[in-house]
Amino acid sequence: MDNVAQAVLGKTPAIRLALTALFTEGHLLLEDAPGTGKTSLAKAIAASIDGTHSRIQFTPDLLPSDVTGVTIYDQKTSSFDFHRGPVFASIVLADEINRASPKTQSALLEVMEESAVTVDGVTYPAGRPFMVIATQNPIEQAGTYRLPEAQLDRFLIKTSIGHPDRESVVEILAGAAQRDRTKGLQPLVTSRDVVGLASVAARVYMDPVIADYVARIAEGTHEHESARVGVSVRGSLALARCAKVWAAAQGRNFVIPDDVKSLAPHVLSHRVVVDVDAEFNGVTGRDVVESVLVQVPPPISKK
């Protein structure tokens, strides 16, 4: 986290969430205005794990083959060769994903869920680790398409980086001559280490009462008066997996309720579909989740 923070100044919470998604082997969605350091975050993570990095600029005329790759006939060999698209990298930045058409957006679905791409009936694995960091502009901006609920559910965590504080801005301006702060970063672990650490985090113990707490939170989103669709089972699994990584990062081999409460707004909010009337009144998915966290009591430790 400290290594990435050398390139993305003053954004420790966002970096922590991004690394949580990485070691949970999930994907991250950032909703932010342009120029807040989203590209730097993706490049810094890739540099820290000695992985590959690619960037896809989503535009209205982008085609699915521009994302996944295309099969081209080679006259010399009389065979078809697959030319891999930019999605074949350790860290893939899908920039302004909601500016592309829904058909192109859906090209990411299989590779995000299955870590593989199927082109002309042939499946090509994306490799491990594999993480998509997608960015989207606020939906109020012109030329954007709202991401469908099925695609939002594929993202493990949704958060924002936001603008840095004044001290960080001053430090950035002081180093304005250095155009890319990620170039000086040294890798701390290998890609194989990331996969191994993710396996370690997956073995963190979760007590049945903590699992019940996660289930009660998800159930609360279904029963909330402002929610039209609550958190799916995939969302509950995502919260449990993230809580294990969160606990491991703090040196614990067991999950506590505070792990769940800290992550729930970031893992569940984008999975809640708010009722039309409530949305008109300004209620968001995050409001629903935070309300549920207040209503659902955490488990009490046994003595």
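Since the structure is predicted, the reported quantities are computational estimates derived from the model, not experimental observations. Residue numbering note: each chain is counted from 1, following its sequence as written. With the structure being a predicted model, the display of local features is reserved for residues of pLDDT at least 70 and the display and counting of side-chain atom pairs for 80 or more, all residues being used for whole-chain, interface and lining totals. In computing side-chain values, all of the structure's heavy atoms are included and hydrogens and water are not.

Draft legend 1. Structural detail: the overall build of the protein chain. By definition, any uninterrupted DSSP run of H or I lasting at least four residues is a helix, any uninterrupted run of E lasting at least two residues is a strand, and each is numbered from the N terminus. On a plain count of helices and strands, the protein chain comes out with 14 helices and 11 strands. The C-alpha radius of gyration computed for the protein chain amounts to 20 Å, which stays within 12% of the reference 19 Å derived for 303 residues, consistent with globular compactness. Buried residues are those whose accessible area, probed at 1.4 Å on protein chains only, stays under 20% of the maximum for their type, while exposed residues exceed 50% and partly exposed ones sit between those limits. Here the protein chain holds 303 residues, and 47% of them are scored as buried. In the protein chain, the proportion of contacts linking residues at least 24 apart, taken out of those at least 6 apart, comes to 76%. The method behind every accessible area is Shrake-Rupley, applied with a 1.4 Å probe, and residues are considered shielded solely by the protein chains displayed. Roughly 15,400 Å² of accessible area belongs to the protein chain as shown, and the carbon and sulfur atoms make up 53% of that amount. His is not counted, nor are the chain ends, whereas Lys and Arg count as positive and Asp and Glu as negative. Charge placement uses NZ in Lys and CZ in Arg. For Asp and Glu, CG and CD serve respectively. Taken together, the 30 basic and 35 acidic charged side chains of the protein chain have centroids lying 5 Å from each other. With the radius of gyration taken over C-alpha atoms, the globule rule is written as 2.2 Å times the number of residues to the power 0.38. By definition in these notes, contact holds between two residues if any of their heavy atoms fall within 4.5 Å.

Draft legend 2. Main features of helix α12 (residues 257-268). The span one expects for a helix is its residue count, reduced by one, times 1.5 Å. The end-to-end C-alpha distance of α12, which contains 12 residues, comes to 16 Å, matching closely the 16 Å that a straight helix rising 1.5 Å per residue would cover. Among the 12 residues of α12, 9 are classified as buried, and the element is accordingly described as predominantly covered. Along α12, the residues that are buried comprise P257, D259, V260, L263, A264, P265, H266, V267 and L268. Against α2 (12-23), β9 (157-159), α10 (208-223), α11 (233-249) and α14 (285-295) lie the buried residues of α12.

Draft legend 3. Representation of the nonpolar core within the structure. Nonpolar core, defined: a set of buried Ala, Val, Leu, Ile, Met, Phe, Trp, Tyr and Cys residues in which side-chain atoms within 4.5 Å join the residues together. Membership of the largest hydrophobic core comes to 55 residues, with the highest contact counts inside it found for L28, L41, I45, I91, I133 and V260. Excluding its chain neighbours within four sequence positions, the residues that come into contact with I45 are V4, A18, L19, L22, I91 and I133. Grouped together as the second largest cluster of nonpolar side chains are 26 residues, V67, L108, V117 and L152 included.

Draft legend 4. The arrangement of the layout of surface pockets in detail. Put simply, the largest pocket is a space of about 960 Å³. Around the largest pocket, the lining comprises 32 residues; the ones closest to its centre are K158, S269, H270, V272 and G285. Contributing elements (two or more residues each) for the lining of the largest pocket: α7 (149-152), β9, β10 (227-229), α12, β11 (273-274), α13 (276-280) and α14. Residues were grouped as follows: Ala, Val, Leu, Ile, Met, Phe, Trp, Tyr, Cys and Pro as nonpolar; Asp, Glu, Lys and Arg as charged; and all remaining residues, including Gly, as polar. In terms of residue class, the lining of the largest pocket is made up of 11 nonpolar, 11 polar and 10 charged. Approximately 460 Å³ is the volume attributed to the second largest pocket. With a 1 Å grid spanning the protein atoms alone, the term cavity applies to any set of points in which a 1.4 Å probe fits but cannot get out, the term pocket to an open set with protein on both sides within 12 Å along at least five of seven lines, and the term lining residue to any residue with an atom within 4 Å of a point. Grid points are joined across faces, edges and corners, and a volume is the space filled by probe spheres set on the points.

Draft legend 5. Representation of the sheet that holds strand β8 (residues 131-136) in the model. Strand order across the open sheet formed by 5 strands is β2-β5-β8-β1-β9, with parallel pairing between neighbours. Two strands close off the open sheet at either side, each with one partner strand: β2 (53-57) and β9. Here the strands of the sheet are splayed against their neighbours by 15° on average, with no regard to which way each runs. Alignment of strand β5 (residues 91-95) against β8, held across 4 bridges, turns out to be parallel. Following the sheet pairing, I91 is matched in β8 by M131. Against the sheet, α2 contacts β1 (28-31), β5, β8 and β9, and its axis sits at roughly 165° relative to β9. DSSP calls a pair of strands paired once it identifies at least 2 bridges connecting them. Lines fitted to the C-alpha atoms define the axes, with helices restricted to the stretch that makes contact. Angles between their N-to-C directions range from 0 to 180 degrees.

Geometric values such as these leave the question of function open.
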